[in-house]
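These are the residues of each chain, in order.
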Amino acid sequence: AQSVTQPDIHITVSEGASLELRCNYSYGATPYLFWYVQSPGQGLQLLLKYFSGDTLVQGIKGFEAEFKRSQSSFNLRKPSVHWSDAAEYFCAVDLSGGYQKVTFGTGTKLQVIP
Amino acid sequence: NAGVTQTPKFRVLKTGQSMTLLCAQDMNHEYMYWYRQDPGMGLRLIHYSVGEGTTAKGEVPDGYNVSRLKKQNFLLGLESAAPSQTSVYFCASSYSNRGAGGYTFGSGTRLTVV
């Protein structure tokens, strides 16, 4: 069975600092990977996705993620965090090989301090 | 373009009452999903549909039923609500094309069962 692990429940960073949110997955085949963001009281919004090709993918709002097969990781990064980035972030994996059956991690809540 | 619309946004039920949550999408997506979100548990799949007239069980289907009579609508029913069903419910939709990837989420329904 496949799973997604986000080891950090809560992270606090200063505005302007860099950010890296960790995500590890367990899945036998080439995974389809996603990062979503959820602002308070809102639904989830897709930040970026990886299917194949270049292992560094760019997303919206200045985020990027790098797929590392050897480490079974898909970490999310941002060079300089803005106060508006405070939200909860979810990593997800499609276990159906691209046929849209996604399992989500438990989320990492990001707090941004001045 | 409305995307995915969920109604109602909030609801309080008494134990044993029934209700139906409605999800409507205007993107002509084939796939639709119902998730529940609980603190510390991420999103868990309740039921999903791969096309009009079809439904399938997800990870936590007990106590819920669904119907997809029209392509654009996906209904989630609770026949006899229990306090354990207190949660935030999210509907999502996606294309069927492999590799298209990514869900579009509604803004959620916050349900409290007392």
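Structural data are supplied above this passage.
Cut-off values and rules
Every chain begins its residue count from 1, and numbering advances along the sequence as written. Both sets of labels track the order of writing: A upward for chains, 1 upward for ligands. Totals for whole chains, interfaces and linings use every residue, but because this is a predicted model, local features are given only for residues with pLDDT of at least 70 and side-chain atom pairs only at 80 or more, for both listing and counting. Neither water nor hydrogens contribute to the side-chain values; these are computed over all heavy atoms in the structure. The rule for a disulfide is simple: a pair of cysteine sulfur atoms within 2.5 Å. Under the scheme used here, helices are H or I runs from DSSP no shorter than 4 residues and strands are E runs no shorter than 2 residues, and both carry numbers assigned from the N terminus. We call Phe, Tyr and Trp rings a pair once their centres come within 6.5 Å, taking the six-membered ring for Trp, and we label the pair stacked below 30 degrees between planes, edge-to-face above 60, and tilted otherwise. A 1.4 Å probe rolled over the protein chains alone gives each residue an accessible area, and that area as a share of the maximum for its type sets the label: buried under 20%, exposed over 50%, partly exposed in between. Throughout this description, a polar contact denotes any pair of N or O atoms lying within 3.5 Å of each other; where both atoms belong to protein, one of them has to be capable of donating a hydrogen while the other can accept it, and for residues adjacent in sequence the pair is counted only when both atoms sit in side chains. Residues are treated as being in contact if the distance between any of their heavy atoms lies within 4.5 Å.

A. Molecular detail of the state of the cysteines. Residues and elements named next belong to chain B. All chains considered together, the criterion is met by 2 disulfides over all chains. Shown here is the disulfide that connects Cys23 with Cys91, its sulfur atoms set 1.9 Å apart. Judged by the sign of its S-S torsion, about -75°, the cystine formed by Cys23 and Cys91 is left-handed. A residue pair is termed long-range when its members are at least 10 positions apart, and Cys23 in strand S3 (residues 19-25) and Cys91 in strand S9 (residues 87-94) qualify at 68 residues.

B. The arrangement of the packing of aromatic side chains in detail. Residue and element names in this part refer to chain A. In this structure the tally under the stated criterion is 21 aromatic pairs over all chains. Measuring from centroid to centroid gives 5.6 Å for Phe63 and Tyr89, while their planes differ by 50°, and the two rings are tilted. You can see Phe63 sitting in the loop between strand S7 (56-58) and strand S8 (64-68) and its partner Tyr89 sitting in strand S10 (residues 87-94), a full 26 residues away along the chain. For the pair shown, Phe63 and Tyr89 are each scored as buried.

C. How the structure looks around the side chain of Lys71(B). Residue and element names in this part refer to chain B. One can find Lys71 in the loop between strand S7 (65-67) and strand S8 (73-78). Classification of Lys71 as buried rests on a relative accessible area of 19%. A distance of 2.8 Å separates the side chain of Lys71 from the side chain of Asn28, its partner in a polar contact. Dropping the residues within four chain positions of it, Lys71 is found in contact with Gln25, Asn28, His29, Glu30, Met32 and Glu52.

Shape descriptors only; they carry no functional weight alone.
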